[in-house]
Amino acid sequence: MDLEEYRRRARTWLEANVPDVPDGRAGQGGGAADPGGVAAAKEFMAKLYDAGYSGITWPAEWGGQGLTQAEERAFAAEAAAFTLPTYVFSIGLGMCGPTLVDLGTDAQRRRHIRPLLRGEEIWCQLFSEPAAGSDVAALQTRATATDGGWVVDGQKVWTSVAQHADRGLLLARTDVDVPKHRGLTMFIVDMHAPGVTVRPLRDMTGRAHFNEIFFDGVHIPAENVVGRVGDGWNCAVTTLLHERLSISSGVGMGGQKDNPVAFEALRRSADTADPVVRDRLVELHIRSRALALFNQRLAQETKAGIFPGARGSAAKLLLAELTMFQADLATSLAGPEAVAWSEDGTGDGPEGDAGTAGGGGLAHALALAPAMALGGGTNEIMRNIVSERVLNLPPEPRTDKNVPFKELRTSGEAPR
Amino acid sequence: MRLVPTAEQRELRDAVRSFLAAASPLPAVRRAMESEAGHDPEVYRRLAGELGLTGLIVPEEHGGTGAGHAELAVVLEETGAALLPGPFLATTLAAILLTETGEKEILAGVAAGTTTATVVLDGNRALNGAEADVVLTIDGDRVLARTGGERRPLRTLDPTRRQALVEPGGEVAAVSADGIARARDLFAVAVAAEQLGVLRAALEAIVAYSRIRVAFNRVIGSYQAVKHRLADMHCTLEQAESIVRYAAWAADEAPAELPGAAALAQAYLGRACFEVASGSLLLHGGIGFTWEHDAHLYYKRAKADEVLLGPPRVHRARLADLLEL
């Protein structure tokens, strides 16, 4: 099938099968506000897989379609006009699955990839801890060897979609007597196993986008080790690489059509007769186009065999800054209506329209904006990466690299 | 849309870069800028002759190479990075104007490298206006050409490129309202390509210095206060290059997108180039404030280029109009 035909069929399929969800929040697991969102999302994902549009570039032997980037781009281009209810699968599709394809055993790939792609099993990623954020290699969750496997104790945090997850990709410390980066191991953990407790973490938007997870004597069978014991840091680097790529390519993200801070929405709501307003909108246009063109250039380079590497961190940093700028601008342009609105979503915002500026949409965008600058590495970490790995400047002086983990200072409790 | 240079464009870039590194390194730029002519005529002669760059975008039937604006952008990025003094940009703008309006005679001399030319940009001011053989003036839908006429050199912020007050007017060389409109957009793309080169060179200079300059027993490039600013400048460079490639592609392949792309290019590159050049100067510390250091040459070229085609607000207002705000 030629690409044009592939594209035409994808468009036809999307038109027939994407559910009509006005606010695009389905599948985000909004709790009581969105009952049934996950079930509907799973139903959609199964249809998507059965139609051949999930795992387009993934190896066919493990359940993918075995096609090329060209088909994936063609599908993504068509899907951009829709809001797919796939958010709940984004961690599995963007990070956990690609890590298993790269590093898993054949038995792990055979067991996990197809259910992941078909939406039968939801995945989460368990790296960050209260005392290990930017410095994730400082994590303290312990996995202790036992008969036939491992026992895990500790706490994870900032875990998206964990409240719906069936499986987690876990990074835990298996050796405290070696330097921090060498004592880690990656595991597949069953999120329904005894001893796993998931608590929603209410973030600054008032919603529970994240969770905190407690592991209390959780047993993991030996065959669930990913990669080699003690090689968890290198495995995690693979996962984080996939994370940054999935953020910049927008895996599992909706389109822009309902975004109240998008340029088109602001053009409709703001008073463009005011030269100051016009100039601020021009600034938004300039920054948006600059980043979009940079992302397109990176994609073209990748296609031409030039691997973007750490330059992807520059794109992520720019996206974080643009997200903050845009939410700040939209709320400032709207004025008092941006920060106070009526319960029924009317009479607020310049148009009093729940789909555009009103209904608390701008306030939510402002409250959500910092997420992009914090998740997947803070702006400061991105700047370290760009300066060290793109500009080849010297790394920060490190006092933690050659000392056994148990002798290091930590922000939280003392290492066990 | 093509945002990555082709193999041929990379070869052209390498050829221009190695030529300028040998023929016009910064010490030679300094000698040239303090000379009476303000540039080294031998460098210009070889640029036109050996490399054929004055005829790069001139159609083959008028003695040029007939290359595109993507190729021209690659060349101007290199002449910008080298802070090349002399009439190359002025003559290039003239070549754009004459090509777009269908003029042939002056163009043949420009392509051959035997005629230098300039365009009156604002009031009676022209780049390299004192030494250009031909002065072009845009008058409505007509291009006027004058050889001779009164020329009064101006004092300039940027010591590496001269300007003069000239006597506008002359004989009608061409008539084309559409060609003139398109030429103005192409000026914006050409200057943006030069700005990209200045930006890149200013950033490379401070990155190199931050790896060798020591303070408090560490190279300054190991401090986050320095590294993070350089990382931000790199982000600016990535976006700047993406915009220039896009605008040059639009110039060659997508004429309907050119006005928006050209205004975007000037609106972004003008600011970006000056901010990076000033950041580069400041991070050098006190040495950056001296005449003998090169940091001020990038800083001054960046400001001169930012306002060359009018104050920056002009490009932003144009974008607002094109976006129908």
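What counts, and at which threshold
Residues numbered from 1 in each chain as written. Chains lettered and ligands numbered in written order. Predicted model: local features only at pLDDT ≥ 70, side-chain atom pairs only at ≥ 80, totals over all residues. Core = buried A, V, L, I, M, F, W, Y, C linked by C-beta atoms within 7 Å. Buried ≥ 20, exposed ≤ 12 C-beta atoms within 10 Å, placed from the backbone. Helix = DSSP H or I, 4+ residues; strand = E, 2+ residues; numbered from the N terminus. Contact = placed C-beta atoms within 7 Å. Pairing = 2+ DSSP bridges. Axes fitted to C-alpha atoms, helices over the stretch in contact; angles between N-to-C directions. Domains from an automatic or database assignment. Nonpolar A, V, L, I, M, F, W, Y, C, P; charged D, E, K, R; others polar.

By size, the foremost hydrophobic cluster in this structure holds 150 residues, and its most contacted members are Val189, Ile243, Val244, Ala247 and Ala265 of chain B. Looking at this core, the element that brings in the most residues is helix α7 (residues 177-212) of chain B, giving 19 residues. When sequence neighbours within four positions are dropped, the list of residues in contact with Ala247 of chain B reads Val189, Ala192, Ala261, Ala262, Leu264 and Ala265 of chain B. Judged by nonpolar contacts, the second largest core, of 60 residues, contains Ala137, Ala138, Val161 and Phe215 of chain A.

This paragraph deals with the sheet that holds strand β3 (residues 134-139) of chain B. Residues and elements named next belong to chain B. The strand order β5-β6-β2-β1-β3-β4-β7 describes an open sheet built from seven strands, whose pairing is mixed. This sheet does not close on itself; its edge strands, each paired only once, are β5 (151-153) and β7 (171-175). Taking the axes of each pair of neighbouring strands and ignoring which way they run, one obtains an average angle of 35° across the sheet. The sheet contacts of helix α5 (residues 88-100) involve β1 (117-122), β2 (125-127), β3, β4 (142-147) and β7, and relative to β1 the element is tilted by about 85°.

A separate point is the environment of Val29 of chain B. All names here are of chain B. Among the structural elements, Val29 can be located in helix α2 (residues 26-33). It is 9.8 Å that separates the C-alpha atoms of Val29 and Gly86, two residues lying 57 residues apart in sequence. In this structure Val29 touches Ser24, Leu83, Pro85 and Thr160, once residues within four positions along its chain are discounted.

Let us now look at the domain arrangement of chain A. Residue and element names in this part refer to chain A. Split by domain assignment, chain A resolves into domain 1 (3-122), domain 2 (124-236) and domain 3 (249-377). Placing a centre on the C-alpha atoms of domain 1 and another on those of domain 2 gives a separation of 25 Å. Every contact between the two is made by 17 residues of domain 1 and, on the other side, 17 residues of domain 2. Residue assignment for the side of domain 1 that touches domain 2 shows that the elements contributing at least two residues are α4 (90-103) and α5 (106-117). Its residues placed into classes, the side of domain 1 that touches domain 2 shows nine nonpolar, seven polar and one charged.

With that out of the way, let us pick up the interface of chain B and chain A. Facing the 30 residues of chain B at the interface are 30 residues of chain A. Where the side of chain B that touches chain A is concerned, the elements lending two or more residues are α7, α8 (224-253), α9 (258-283) and α11 (312-322) of chain B. By residue class, the composition of the side of chain B that touches chain A is 17 nonpolar, seven polar and six charged.

Residues and elements named next belong to chain B. For Leu83, which is not glycine, the phi torsion reads 50° and is therefore positive. One non-glycine residue with positive phi stands out, namely Asn217, at about 70°. Asn217 sits in the exposed class, given 5 other C-beta atoms within 10 Å.

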